Amino acid sequence: MSIFSHSAYDKHEQVAFYQDAKSGLKAIIAVHNTNLGPSLGGCRMWPYADDGEALEDVLRLSRGMTYKSAMAGLKLGGGKAVIIGDPRKDKTPELLRAMGEFINTLGGRYITAEDSGTSVADMKVIGETTEFVSGLVEGIETGGDPSPSTAYGVFVGLKATARHRWGRDDLQGLKVSIQGVGNVGFRLAKLLKDAGAEIYVTDIFQDNIDRAVNELGATAVGSDEIFDLDVDLFAPCAMGAILNDDTIARLKVGAIAGAANNQLAEERHAAVLREKGILYAPDYVVNAGGIIDVYYQQQGGDYDPLQVKAHIDRIGDTMQEIFERAGETGETTAHVADRIAEERFGHEDAVKKTDTAAA
Ligand code: NAD
């Protein structure tokens, strides 16, 4: 397996591998860029089929964190960690403490937080062996879990998307399909229901579907059927790479805005969506609510939920700017978002473009 020439490497500053035989920990930390501050990103635990899949995931996710934090106006760099293992079977306190020791070896260049497969309780255990952990502030309603803020940010981004696509300020009667009603998807469904939207949900766990149906009156659909629905807006809130040649050909929606990271299977799929007349809200812009929340938790001092909410509300303005620039230049929304983020964190290609423009 190649590392430096890996297709997802993209100028990573550091990639670290760690194995602890006693606890069975096998993990990778990727630090993409620290120009704006220490890298911060969640620690994902997943039963990857092989090391190559884990490496690809951590590289793509950590790069995404650089873009996400820069776009959200945070003084943070981008990084991410993955633990190779099944969170339902392999997670032990020893393994999490070993993960804390691994994080410590990077000396603060990487700060961890919750992600798929890890929880606030897990962060507390990791925090026994490293100080470089966030997302576990005592005394706040969420206990530090970023998911409610992520869901709220997606809701804000989704409203901005509906405004641009259909010129409407309310969501009354808007049909929205949600793939994955877990921590973020379920909360998003609740916000949408309260705003009067009609919700269609799918998940791979029946209990998650039942909760959305019973508590929110959502309509349940099959996990493959979600791509064929005749609805207005699709909110992917499960996993990445779900926007590909096959699924885009099937989608009948007018817009896409959801929480999942790396929704586009390949960059070119942004253009495929545009050609099909589907307005795409770039994932890392829409799902930045959680990192914004974690950033304020990291600042020390008093955590002010209203200040956090006001910052998350700005996702709506950012979306509007992206949609307008894309409309003016003819570029895809994903491309416009990347250029704005790169200008902010100083990607050398963007710096060169700026220099050329100034010359
Ligand atoms: P989660 O694990 O709580 O929820 C994901 C849900 O998707 C689960 O209920 C799972 O059963 C379901 N799912 C998985 N595969 C599926 C499939 N093929 N079809 C239908 N459902 C499927 O995770 P989460 O914290 O809600 O995060 C959801 C997505 O948002 C992830 O991609 C995550 O990386 C991203 N995200 C989360 C946060 C956060 O604060 N939690 C922040 C930014 C981005």
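For every chain, the first residue of the written sequence is number 1, and numbering continues from 1 onward in sequence order. A pLDDT threshold of at least 70 governs which residues receive local features in this predicted model, and a stricter bar of 80 or more applies before side-chain atom pairs are shown or counted, although totals over entire chains, interfaces and linings include all residues. Only hydrogens and water are set aside; all other atoms, that is, all heavy atoms of the structure, feed into the side-chain values.

**Examining the overall build of the protein chain**
Logical step 1: Elements are defined by DSSP. Helices are runs of H or I of four residues or more, strands are runs of E of two residues or more, and each kind is numbered from the N terminus. In terms of helices and strands, the protein chain carries 13 helices and 11 strands.
Logical step 2: Along the longest, intermediate and shortest principal axes, the C-alpha atoms of the protein chain span 60 × 55 × 45 Å.
Logical step 3: Under the scheme applied here, a residue whose accessible area is under 20% of the maximum for its type counts as buried, over 50% as exposed, and between as partly exposed, the area being computed with a 1.4 Å probe on protein chains only. Put simply, the protein chain has 359 residues, and 54% of those count as buried.
Logical step 4: Whether two residues are in contact is decided by their heavy atoms: any pair within 4.5 Å suffices. Sequence-distant contacts in the protein chain: of pairs separated by 6 or more residues, those separated by 24 or more amount to 66%.
Logical step 5: Where accessible areas are quoted, they stem from the Shrake-Rupley method and a 1.4 Å probe; at the residue level, only the protein chains shown are allowed to cover. Counting only carbon and sulfur atoms, one obtains 48% of the accessible surface of the protein chain, whose full area is about 15500 Å².
Logical step 6: All tallies of charge rest on Lys and Arg as positive and Asp and Glu as negative; His and the ends of each chain are not included. A single reference atom marks each charge: NZ on Lys, CZ on Arg, CG on Asp, CD on Glu. With 36 positive and 54 negative side-chain charges, the protein chain shows a separation of 2 Å between the mean positions of the two kinds.

**Focus: the pattern of salt bridges**
Logical step 1: The term salt bridge refers to a pairing of a side-chain nitrogen on Lys or Arg with a carboxyl oxygen on Asp or Glu at a separation within 4 Å. Counted by the stated rule, this structure contains 22 salt bridges.
Logical step 2: A salt bridge links Lys-26 to Asp-51; the nearest nitrogen and oxygen atoms lie 3.9 Å apart. One end of the pair, Lys-26, is in strand S2 (residues 25-33); the other, Asp-51, is in helix H1 (residues 51-71), with 25 residues separating them in the sequence.
Logical step 3: Accessibility expressed as a relative area gives 39% for Asp-51, which makes it partly exposed.
Logical step 4: Among the charged side chains, a network of salt bridges with common partners joins Arg-44, Asp-57, Lys-80 and Asp-115.

**Overview of the sheet that holds strand S1 (residues 14-20)**
Logical step 1: Pairing between strands is defined by DSSP: at least two bridges between the two strands are required. Reading across from one edge, S1-S2-S4-S3-S5 is the order of the 5 strands in this open sheet, with mixed pairing throughout. Single-partner strands in this sheet number two, and they are S1 and strand S5 (110-113). Within the sheet, the average angular offset between the axes of one strand and its neighbour, ignoring direction, is 25°.
Logical step 2: In this structure, S1 lies alongside S2, joined through 7 bridges in antiparallel fashion. Residue pairing in the sheet places Val-15 in a bridge with Ala-30 of S2.
Logical step 3: Interaxial angle, 0 to 180 degrees, is taken between N-to-C directions of lines fitted to C-alpha atoms, where a helix line uses only the stretch in contact. Where H1 meets the sheet, it contacts S1, S2, strand S3 (39-46) and strand S4 (77-84), and its direction lies at approximately 155° from that of S4.

**Regarding the domain arrangement of the protein chain**
Logical step 1: Domain extents, as shown, originate in an automatic or database domain assignment. Under the domain assignment used here, the protein chain contains domain 1 (10-64 + 75-126) and domain 2 (147-288 + 317-341).
Logical step 2: At the interface, 6 residues of domain 1 touch 6 residues of domain 2.
Logical step 3: Between domain 1 and domain 2 the total buried area reaches about 490 Å² when both faces are included, carbon and sulfur atoms providing 33% of it.
Logical step 4: Summed over the three residues of domain 1 that lose the most area to domain 2, namely Arg-60, Leu-61 and Arg-88, the buried surface amounts to 66% of that side.
Logical step 5: Our count for the contact surface shared by domain 1 and domain 2 stands at 0 salt bridges.
Logical step 6: We define a polar contact as two N or O atoms separated by no more than 3.5 Å, with the added condition that, inside protein, one atom must be a possible hydrogen donor and the other a possible acceptor, whereas residues neighbouring each other in sequence contribute only through side-chain atom pairs. Across the contact surface, domain 1 and domain 2 share 0 residue pairs in polar contact (both at pLDDT 80 or more).
Logical step 7: Top element by residues in the side of domain 1 that touches domain 2 is H1. It accounts for 3 residues.
Logical step 8: When grouped by side-chain class, the residues that make up the side of domain 1 that touches domain 2 number 1 nonpolar, 1 polar and 4 charged. Here the quantity called buried area is the total loss of accessible area, with a 1.4 Å probe, experienced by two parts when brought into contact, counted for both. Any residue outside Ala, Val, Leu, Ile, Met, Phe, Trp, Tyr, Cys, Pro, Asp, Glu, Lys and Arg is labelled polar, Gly included; the first ten of those are nonpolar and the last four are charged.

**A few points about the pairing of S2**
Logical step 1: In terms of burial, S2 is a largely internal element, 8 of the 9 residues being buried.
Logical step 2: Of the strand pairs in this sheet, S2 and S4 are connected by 6 bridges, and their pairing is antiparallel. Paired with Val-31 across the two strands is Gly-79, which belongs to S4.

**Focus: the pairing of strand S9 (residues 233-236)**
Logical step 1: Burial of S9 is two-sided: the residues Leu-233 and Ala-235 facing one way and the residues Phe-234 and Pro-236 facing the other way are all buried.
Logical step 2: Relative to S9, strand S6 (residues 175-179) runs parallel, the two being bridged by 4 bridges. Residue pairing in the sheet places Gln-179 in a bridge with Pro-236 of S9.
Logical step 3: Relative to strand S10 (residues 255-256), S9 is paired through 2 bridges, and the arrangement is parallel. Its bridge partner lying in S10, Phe-234 is registered against Ile-256.

**Overview of the nonpolar core**
Logical step 1: The criterion is simple. A nonpolar core is a set of buried Ala, Val, Leu, Ile, Met, Phe, Trp, Tyr and Cys residues joined through side-chain atoms within 4.5 Å. Formed by 87 residues in total, the largest nonpolar core has its most connected members in Ile-29, Met-99, Val-176, Ile-178 and Leu-192.
Logical step 2: Dropping the residues within four chain positions of it, Met-99 is found in contact with Leu-25, Ala-27, Ile-29, Cys-43, Ala-81, Ile-83 and Ile-126.
Logical step 3: Within the second largest apolar cluster, 19 residues are counted, among which are Ile-242, Ile-248, Val-253 and Leu-264.

**Looking at the sheet that holds S10**
Logical step 1: Within the open sheet, the 6 strands sit side by side as S8-S7-S6-S9-S10-S11. Their pairing is parallel. The open sheet has two edge strands with one neighbour each: strand S8 (219-220) and strand S11 (279-280).
Logical step 2: Relative to strand S7 (residues 198-202), S6 runs parallel, the two sharing 5 bridges. Pairing of Ser-177 across the sheet is with Tyr-200, part of S7.

**A closer look at the site of the ligand**
Logical step 1: A cutoff of 4 Å decides nearness: a residue is near a molecule or strand if any of its heavy atoms lies inside that distance of it. In the vicinity of the ligand, 22 residues are found, and the nearest of them are Arg-44, Thr-150, Val-184, Asp-203 and Asn-208.
Logical step 2: Arg-44 is positioned with one of its side-chain polar atoms (N or O) 2.9 Å from an oxygen atom of the ligand.
Logical step 3: Between the ligand and Asn-183 there is a distance of 2.9 Å, counted from an oxygen atom to a backbone nitrogen or oxygen.
Logical step 4: For the ligand, the protein covers 85% of the area, taking 830 Å² as the surface of the free molecule.
Logical step 5: Among the secondary structure elements, those contributing two or more residues to the shell around the ligand are helix H4 (147-166) and helix H5 (183-194).
Logical step 6: Considered class by class, the residues forming the shell around the ligand number 9 nonpolar, 10 polar and 3 charged.

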